[in-house]
Amino acid sequence: MNTHQNKAVEFEDLGIKEYQPAWDYQEKLMKDIIDIKIKNRDLPAEQHIATPNHFLLVEHPHVYTLGKSGHEENMLAGIDKLKEIDATFVKVNRGGDITYHGYGQIVGYPVLDLENFFTDIHKYMRNLEEVIIRTIADYGLKGERSPGETGVWLDVGKPYARKICAMGVKASRWVTLHGFALNINTNMRYFEYIIPCGIKDKQVTSLKRELERELTPEEMEDIKAKIRKHFADVFEAELLVKA
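Residues numbered from 1 in each chain as written. Predicted model: local features only at pLDDT ≥ 70, side-chain atom pairs only at ≥ 80, totals over all residues. Heavy atoms only, no water.

Draft legend 1. Seen up close, the sheet that holds strand 5 (residues 98-101). The mixed open sheet is built from 3 strands, whose spatial order is 4-3-5. Here the strands that pair on one side only, and so sit at the sheet edges, are strand 4 (88-91) and strand 5. Sheet twist, expressed as the mean angle between neighbouring strand axes with direction ignored, is 25°. Summarising the sheet, strand 3 (residues 63-66) and strand 4 pair through 4 bridges and their orientation is parallel. Pairing of Leu66 across the sheet is with Lys91, part of strand 4. On top of the sheet, helix 1 (residues 19-41) reaches strand 3, strand 4 and strand 5; it is set at about 25° to strand 4, its chief contact. (Pairing = 2+ DSSP bridges. Helix = DSSP H or I, 4+ residues; strand = E, 2+ residues; numbered from the N terminus. Axes fitted to C-alpha atoms, helices over the stretch in contact; angles between N-to-C directions. Contact = heavy atoms within 4.5 Å.)

Draft legend 2. Focus on helix 5 (residues 217-235). In this model, helix 5 (19 residues) spans 27 Å end to end at C-alpha, consistent with the 27 Å of a helix rising 1.5 Å per residue. Within two residues after helix 5, Glu236 carries a phi angle of roughly 50°, on the positive side. (Expected span 1.5 Å × (residues − 1).)

Draft legend 3. Main features of the pairing of strand 8 (residues 149-154). Across the 6 residues of strand 8, 5 count as buried, placing the element largely inside the fold. As defined by bridge partners, strand 7 (residues 144-146) adjoins strand 8 across 2 bridges and the pair is classed as antiparallel. Considered in strand 8, the bridge of Glu144 is made with Trp153. Connecting strand 7 to the next strand, strand 8, in antiparallel fashion are 2 residues, including Gly148 with a positive phi near 80°. In this structure, strand 8 lies alongside strand 9 (residues 162-172), joined through 3 bridges in antiparallel fashion. Following the sheet pairing, Leu154 is matched in strand 9 by Arg162. (Buried < 20%, exposed > 50% of the residue type's maximum accessible area, 1.4 Å probe, protein only.)

Okay, here's the thing in structure tokens:
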């Protein structure tokens, strides 16, 4: 257990970035944290080096990602269709099935040493959901959890239940990778080419669809600010913007 808990989290907005380089960057941050943890094992507690935490926000060009427990048959588009819609397909090492990332969607990647917070993956997932539930509540939407299905949903238990935010994470030595994808101005047509998260009978939605209007670039920035605030509150963390 980390005896020197560091609840400072370095925040970075990566803007628009291709999926693979963003994933590579997460992996590097994770490796750096794990390297410190391995070094600490050989040091007396009073000499332990505090491990850093990171929180990245990013928007990806069109990409479909398939989790390690996912089923490739949930990808309904072949290579030709992917070229036609200008999308790529990547197999990743997170949990969960297939999901879509694209323009108008805010993707969050917390790379945290959970030993700085709590060592409970279930609680971590619920906290991530809580961040999004609070964020969309600021826009008058009642986000909910759906039993047995991660992410944030609207109208759970009703025939028209729909997911507004997908989630999938990986953790190694209590260091987290991957995260959440909140649909804002997302082009929902791209979801027609997959069975999202492998769930056949549920719909997906976006803030734009629910509010029946496009959100402005200024509002997109405002949503990011709200996510940061709620993240800091829920995780009882101090967010520091990377210089």
